[in-house]
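Chains, contacts and geometry: an overview
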Amino acid sequence: MVNAIRYTSSGGRISIRITDSSHDESRFASVSITDTGVGIAEEQLPFLFDRFYRVEESRSRHTGGMGLGLAIAKEFVEAHRGFISVQSDVGRGTQFTVYLPCA
Ligand SMILES: Nc1ncnc2c1ncn2[C@@H]1O[C@H](COP(=O)(O)OP(=O)(O)O)[C@@H](O)[C@H]1O
Ligand SMILES: [Mg+2]
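Below or above, wherever it landed, is the structure these notes cover. (Residues numbered from 1 in each chain as written. Chains lettered and ligands numbered in written order. Predicted model: local features only at pLDDT ≥ 70, side-chain atom pairs only at ≥ 80, totals over all residues. Heavy atoms only, no water.)

Concerning the pairing of strand β3 (residues 83–89)
- Burial of β3 is one-sided: the residues Ile84, Val86 and Ser88 facing one way are buried, the residues Phe83, Ser85, Gln87 and Asp89 facing the other way are not.
- The pairing of β3 with strand β4 (residues 93–101) spans 7 bridges and is antiparallel. The residue of β4 that forms the bridge with Ser88 is Thr94. (Buried < 20%, exposed > 50% of the residue type's maximum accessible area, 1.4 Å probe, protein only. Helix = DSSP H or I, 4+ residues; strand = E, 2+ residues; numbered from the N terminus. Pairing = 2+ DSSP bridges.)

Some words on the sheet that holds β4
- Strand order in the open sheet formed by 4 strands is β1-β2-β4-β3, with antiparallel pairing between adjacent strands. Both outer strands of the open sheet, β1 (14–23) and β3, are each paired with one neighbouring strand and no more. The mean inter-strand angle of the sheet, taken between neighbouring strand axes irrespective of direction, is 20 degrees.
- As defined by bridge partners, strand β2 (residues 26–35) adjoins β4 across 8 bridges and the pair is classed as antiparallel. Looking across to β4, one finds that Phe28 is bridged to Pro101. (Axes fitted to C-alpha atoms, helices over the stretch in contact; angles between N-to-C directions.)

Some thoughts on the nonpolar core
- Counting residues in each nonpolar core, the largest one holds 10 residues, listed as Ile40, Leu45, Leu48, Phe49, Val55, Leu70, Val77, Ile84, Val86 and Phe96.
- Every element with two or more residues in this core is listed here: α3 (69–79) and β3.
- Sequence-distant contacts of Val86, that is, excluding residues within four places in its chain, are made with Leu45, Leu48, Phe49, Thr94, Gln95 and Phe96. (Core = buried A, V, L, I, M, F, W, Y, C linked by side-chain atoms within 4.5 Å. Contact = heavy atoms within 4.5 Å.)

Examining the packing of aromatic side chains
- Under the definition given, this model contains 5 aromatic pairs.
- On the basis of an interplanar angle of 75 degrees and a centroid distance of 5.3 Å, the ring pair of Phe28 and Phe83 is categorised as edge-to-face. Here Phe28, found in strand β2, pairs with Phe83, found in strand β3; they are 55 residues apart in sequence, far enough to count as distant.
- Phe83 sits in the partly exposed class, given a relative accessible area of 29%.
- The interplanar angle of 40 degrees and the centroid separation of 5.6 Å between the aromatic rings of Phe47 and Tyr53 together place this pair among those described as tilted.
- According to the relative accessible area criterion, Tyr53 is partly exposed, its value standing at 22%.
- Each member of the aromatic cluster is reached from another via a ring pair, and the members are Phe28, Phe83 and Tyr99. (Phe/Tyr/Trp six-rings, centres within 6.5 Å; stacked < 30°, edge-to-face > 60°.)

Right under this line is the structure:
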């Protein structure tokens, strides 16, 4: 959520959607955060969850951040046997979805 705000300029839109979904016969509660921000290039996506990784443009921008947020989020979600997915288009925006198993 902080990322969505940080990487979306004023006038953009950020939305949150909470729903239930199934994957491999397991049920999950999913929380999607979608923004209309700067987006992330496809070749960067595999590294986003690495500790201290920040996309080139963010390093030079005054947006703070140490590149730890997504690494911590991933560890936390996986400790709960969930997972995170990301979809993004440069210049259009990003959607992160956290899936947490429902008993
Ligand atoms: N919603 C987003 N829109 C665009 N880029 C993002 C978004 N979320 C994360 N990123 C990119 O992924 C990098 C890693 O994110 P994160 O681990 O939260 O670190 P940071 O502390 O830099 O926010 C960020 O530096 C940024 O380049
Ligand atoms: Mg962050």
